[in-house]
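Here is what each chain is made of, one letter per residue.
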Amino acid sequence: MTYYFAKTVKAPFAETIDKVTAALKERGFGVLTTIDVATTLKNKIDVDFRPYTILGACNPGFAHKALSAEDKIGTMLPCNVVVQEVKPGEVEVAAVDPVASMQAVENPKLLPIAGQVREMLRQAVDSL
């Protein structure tokens, strides 16, 4: 089983981040964290890296259900969505597959929650 699903779009990088954020919001997700990997690598170790941003997406209702079923599941939250430029004008969006992540946790109560979140994330990515 793969641990993510992805789609490549022909669009500017910054515009793609805005579209991903809007697609997530339409499905009840907020972006709690935004990590600009390229800037971080440049500032910390003086390495040039392609445009690469990690968005930490969270749907509060499903996060609450997951935390109620498994108190340490917060170690796997939020759901990461990667936006990276693969070549100029071409951007890949990849989201974690929560079902794959939850297989590491032996709690059957999490699987239906993860399945619903997977579909919502997949819809957001597919809509781009």
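Our subject in this report is the structure included herewith. Only a predicted model underlies this, so the values are computations on that prediction, with no experimental measurement involved.

**Considerations on the sheet that holds strand β5 (residues 90–96)**
Working definition: the strands of a sheet are paired by backbone hydrogen bonds and lie parallel or antiparallel to each other. Strand order in the open sheet made by the five strands is β1-β5-β4-β3-β2, with antiparallel pairing throughout. Only two strands of the sheet have a single partner each, and these edge strands are β1 (4–10) and β2 (30–36). In this sheet, adjacent strand axes meet at a mean angle of 20° when their direction is disregarded. Across seven bridges, the pairing between β1 and β5 is antiparallel. From the neighbouring strand, A6 faces β5, where its bridge partner is A94. Lying over the sheet, helix α1 (residues 13–26) contacts β1, β2, β3 (52–58), β4 (79–87) and β5, oriented at roughly 155° with respect to β4. Helix-sheet contacts for helix α2 (residues 37–45) involve β2 and β3, and the interaxial angle to β2 is about 40°.

**Quick notes on the pairing of β3**
Among the seven residues in β3, seven count as buried, and that is most of the element. Side-chain alternation along β3 places Y52, I54, G56 and C58 on one buried face and T53, L55 and A57 on a second face that is also buried. Pairing geometry for β2 and β3, over six bridges, is antiparallel. Across the sheet, residue T34 finds its bridge partner in β3, namely L55.

**Focus: the side chain of E90**
Tracing the backbone shows E90 in strand β5. Residue E90 is classed as buried on the basis of its relative accessible area, which comes to 16%. A distance of 3.1 Å separates a polar atom in the side chain of E90 from a polar atom in the side chain of K10. Ignoring anything within four residues of it in the chain, the contact list for E90 reads T8, V9, K10, A11, Q84 and E85.

**Brief notes about the pattern of salt bridges**
Between side chains of opposite charge, a pair can form when the charged atoms approach closely. One pass over the structure, following the stated rule, counts nine salt bridges. Residues E90 and K10 are paired through a salt bridge, measuring 3.1 Å at the closest nitrogen-oxygen approach. One end of the pair, E90, is in strand β5; the other, K10, is in strand β1, and 80 residues separate them in sequence. Overall, the relative accessible area of 72% leaves K10 in the exposed class. Of the charged contacts, one joins K19 and E15 as a salt bridge, the two residues approaching to 3.1 Å between their closest N and O atoms. One end of the pair is K19 and the other is E15, both in helix α1 and four residues apart, which spans about a single turn. Among the residues examined, K19 registers a relative accessible area of 44% and is labelled partly exposed. Judged by relative accessible area, which is 35%, E15 ranks as partly exposed. When salt bridges that share partners are traced, they join K10, K87 and E90 into one network.

Procedures and definitions
Residues numbered from 1 in each chain as written. Predicted model: local features only at pLDDT ≥ 70, side-chain atom pairs only at ≥ 80, totals over all residues. Heavy atoms only, no water. Pairing = 2+ DSSP bridges. Helix = DSSP H or I, 4+ residues; strand = E, 2+ residues; numbered from the N terminus. Axes fitted to C-alpha atoms, helices over the stretch in contact; angles between N-to-C directions. Contact = heavy atoms within 4.5 Å. Buried < 20%, exposed > 50% of the residue type's maximum accessible area, 1.4 Å probe, protein only. Polar contact = N/O pair within 3.5 Å; in protein donor to acceptor, adjacent residues only side chain to side chain. Salt bridge = Lys/Arg side-chain N within 4 Å of Asp/Glu carboxyl O.

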